[in-house]
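Chain residues, written in single-letter form:
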Amino acid sequence: MSLLIINTLEEDDLAVKDAIRHLSAKTPVHTIFHTAKMKIIPCIGYNACWLRTSGVCAVKDDYEQILKACLQHDTTIIISDTSLGFISYKAKNIVDGQMRHVPRYEKKYRFGLVYFGIADAEYMEHWLGRFALNLDGISIGAFPVEKCREVSLCT
């Protein structure tokens, strides 16, 4: 079992460090991306990655290394704050893509979400399930940071 943690918050925040410590303790094989200082451009829907360049995005930013890491890990956990009751724009830049075609890889993605702030837990669960479905994956759940110890990485 391997874990990819994508942190969209400031790396030196004590609560973030604590959440990452709890999540990474669940598996010795893990990679952490701190995206606050990375250049991430939202998908522009150009579709060259699917139609012309076989998985290579036309937009050149730091997102490519995150996508490669998703393929190498069993589970991806996204850490986000909330704004207006939903994930922040920083997390949306990471996850705001939709796949409307046959999946390219024979991989069943597993996604989880740990969020800071106030949000409708039921809606966050629903959204993460729809997001995972768009990427031919499954949701392992959306958790407020206070419950990040409850995240199960088991299949």
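Residues numbered from 1 in each chain as written. Predicted model: local features only at pLDDT ≥ 70, side-chain atom pairs only at ≥ 80, totals over all residues. Heavy atoms only, no water.

Novice: Any details on the packing of aromatic side chains? Residues and values, ideally.
Specialist: In total, this model carries five aromatic pairs according to the counting rule given. Among the aromatic side chains, those forming a connected cluster through ring pairs are Phe 86, Tyr 109, Phe 111, Tyr 123, Trp 127 and Phe 131. (Phe/Tyr/Trp six-rings, centres within 6.5 Å; stacked < 30°, edge-to-face > 60°.)

Novice: Break down the nonpolar core for me, with residues and values.
Specialist: Counting residues in each nonpolar core, the largest one holds 24 residues, and the members touching the most others are Ile 66, Ile 87, Phe 111, Leu 113, Met 124, Trp 127 and Leu 128. Elements with a contribution of two residues or more to this core: β1 (2-7), α3 (63-72), β4 (86-87), α4 (89-95), β5 (109-116) and α5 (121-134). No other element matches α5, which puts five residues into this core. Ala 19, Ile 79, Cys 148 and Val 151 belong to the second largest nonpolar core, which has 17 residues in total. (Core = buried A, V, L, I, M, F, W, Y, C linked by side-chain atoms within 4.5 Å. Buried < 20%, exposed > 50% of the residue type's maximum accessible area, 1.4 Å probe, protein only. Helix = DSSP H or I, 4+ residues; strand = E, 2+ residues; numbered from the N terminus.)

Novice: Which residues make up the pattern of salt bridges, and what values do they have?
Specialist: One pass over the structure, following the stated rule, counts four salt bridges. A salt bridge links Lys 68 to Glu 64, with the nearest nitrogen and oxygen atoms 3.4 Å apart. Of this pair, Lys 68 and Glu 64 are both found in helix α3, four residues apart, which corresponds to roughly one turn of the helix. Taking the relative accessible area as the measure of exposure, Lys 68 reaches 47% and is therefore partly exposed. (Salt bridge = Lys/Arg side-chain N within 4 Å of Asp/Glu carboxyl O.)

Novice: Could you give an account of the environment of Ile 40, naming the residues involved and the relevant values?
Specialist: Residue position: Ile 40 is located in the loop between β2 (29-34) and α2 (48-51). Since its relative accessible area comes to 13%, Ile 40 is described here as buried. Note: C-alpha distance between Ile 40 and Asp 61 (21 residues apart in sequence) is 5.8 Å.

Novice: Give a description of the pairing of β2 that names residues and reports values.
Specialist: With six bridges connecting them, β1 and β2 associate as parallel partners. From the neighbouring strand, Ile 5 faces β2, where its bridge partner is Ile 32. Regarding the hand of the β-α-β motif, the stretch spanning β1, helix α1 (residues 14-24) and β2 is right-handed. (Pairing = 2+ DSSP bridges. Right-handed = clockwise from strand over helix to strand, strands pointing away.)

Novice: Go over α5 with me, naming the residues and quoting the values.
Specialist: Helix length check: α5, at 14 residues, gives a terminal C-alpha distance of 20 Å against a target of 20 Å (1.5 Å per residue), a fit within 8%. By the burial criterion, the buried members of α5 are Met 124, Trp 127, Leu 128, Phe 131, Ala 132 and Asn 134. For α5, the angular spread of the buried residues around the axis is 155°, confining them to a single face. Residues of α5 that are exposed and angled more than 90 degrees away from the buried face: Glu 122 and Leu 133. Asp 136 occupies a position one or two residues after α5 and carries a positive phi of about 55°. (Expected span 1.5 Å × (residues − 1). Arc of directions from axis to C-beta.)

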